[in-house]
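An overview of the molecular structure
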Amino acid sequence: MRSPASRAAVVAIAVAASSFSMSPASAAESGWSKAYESAAVTGNRHTERELPFSVLSTLVIKGKLKNTGNECYSLWAKLDIGSVSATRAATQCGPGAATFNLRSVPSMSPNGTLFLCRGEGTQDCGPRFSAREFPVSALPMR
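The structure displayed is predicted, hence computed values, not measured ones.

1. Observations regarding the overall build of the chain
- Looking only at helices and strands, the chain features two helices and eight strands.
- Counting helices and strands in the order they occur from the N terminus, the chain gives α-α-β-β-β-β-β-β-β-β.
- Looking at the chain as a whole, 35% of its 142 residues are labelled buried.
- For the chain, the share of sequence-separated contacts (at least 6 apart) that also reach a separation of at least 24 residues comes to 61%.

2. Re the packing of aromatic side chains
- Applying the stated rule across the entire model yields three aromatic pairs.
- Summarising the aromatic geometry, the rings of Tyr36 and Tyr73 are spaced 6.5 Å apart at their centres and angled 75° between planes, so their arrangement reads as edge-to-face. One end of the pair, Tyr36, is in strand 1 (residues 34–36); the other, Tyr73, is in strand 4 (residues 72–78), and 37 residues separate them in sequence.
- Looking at Tyr73, the relative accessible area reads 3%, which means it is buried.
- When the centroid spacing of 6.4 Å and the interplanar angle of 65° are considered together, the rings of Phe100 and Phe134 count as edge-to-face. Here Phe134 lies in the segment after strand 8 (129–130) and Phe100 lies in strand 6 (residues 96–103), a separation of 34 residues in the sequence.
- Classification of Phe100 by relative accessible area gives buried; the value is 5%.
- Using a relative accessible area of 1% as the deciding quantity, one classes Phe134 as buried.
- Chaining the aromatic ring pairs together yields one cluster made of Phe100, Phe129 and Phe134.
- Over the ring of Phe115 we find Arg128, and its NZ or CZ is 4.0 Å from the ring centre.

3. So, the state of the cysteines
- Scanning the entire structure with this criterion turns up two disulfides.
- One disulfide in the model links Cys72 with Cys93; its S-S distance is 1.9 Å. Across the S-S bond linking Cys72 and Cys93, the dihedral sits near 110°, which makes this disulfide right-handed. Of this pair, Cys72 sits in strand 4 while Cys93 sits in strand 5 (residues 87–93), placing them 21 residues apart in sequence.
- When its relative accessible area of 42% is taken as the criterion, Cys93 is described as partly exposed.

4. Considering the pattern of salt bridges
- Summed over all chains, the structure comprises six salt bridges.
- With a shortest N-O distance of 2.8 Å, Lys34 and Glu133 are connected by a salt bridge. Here the residue Lys34 occupies a position in strand 1, and Glu133 occupies one in the segment after strand 8, the gap between them amounting to 99 residues.
- Judged by its relative accessible area of 28%, Lys34 falls in the partly exposed class.

Rules used throughout
- Residues numbered from 1 in each chain as written.
- Predicted model: local features only at pLDDT ≥ 70, side-chain atom pairs only at ≥ 80, totals over all residues.
- Heavy atoms only, no water.
- Helix = DSSP H or I, 4+ residues; strand = E, 2+ residues; numbered from the N terminus.
- Buried < 20%, exposed > 50% of the residue type's maximum accessible area, 1.4 Å probe, protein only.
- Contact = heavy atoms within 4.5 Å.
- Phe/Tyr/Trp six-rings, centres within 6.5 Å; stacked < 30°, edge-to-face > 60°.
- Lys NZ or Arg CZ within 6 Å of the ring centre and 35° of its normal.
- Disulfide = S-S within 2.5 Å.
- Salt bridge = Lys/Arg side-chain N within 4 Å of Asp/Glu carboxyl O.

That's the geometry; what it means functionally is another story.
Structure follows, in C-alpha cells:
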C-alpha cells in the first residue's frame with residue numbers, strides 16, 4: 001500500500017506530465033511574433049544538453065522570417081557570450097517566408113539577442129529582443 005506522501009508524488013508527476021503536449025506547439029498557435037515594418041519573426045526554442053549529466057546546454061531556436069512587403073528584411077542573432085558579433089540568420093526579399101535554425105555555443109545559461117533589419121545589413125533595424133521571448137517547445141525538434 002502506498003503512503004499518502006508517495007501517492008501525492010505520483011499525482012504531482014501525472015499533473016506535470018499532462019501539461020506537456022506530445023507535439024511542439026507552433027509559434028502561430030501560441031500567438032507569438034516580433035515584427036518590424038512588413039517583416040515578422042516567429043519560432044520556438046529549446047535547450048539540448050551536450051552530455052547526459054553536463055551543466056552545459058545549447059540553445060536551439062527554429063522559426064520563420066515572414067515578409068509581406070517588397071523590400072528585403074533580415075533576422076540577425078547574437079547568441080553567444082562575449083564579443084562575438086551578430087550573424088545573419090535569415091533574409092527574405094519580397095513576399096514570402098524564410099526558415100532559420102539557430103544554435104548557441106554550449107554554456108551554463110544560454111541566451112541571446114535577436115533583431116529584424118531592413119535590407120541585408122544592420123543599419124536600419126527594429127528593437128532588439130531576447131531569445132527567451134520565443135516560446136519553449138514542449139519537446140525538442142530534431
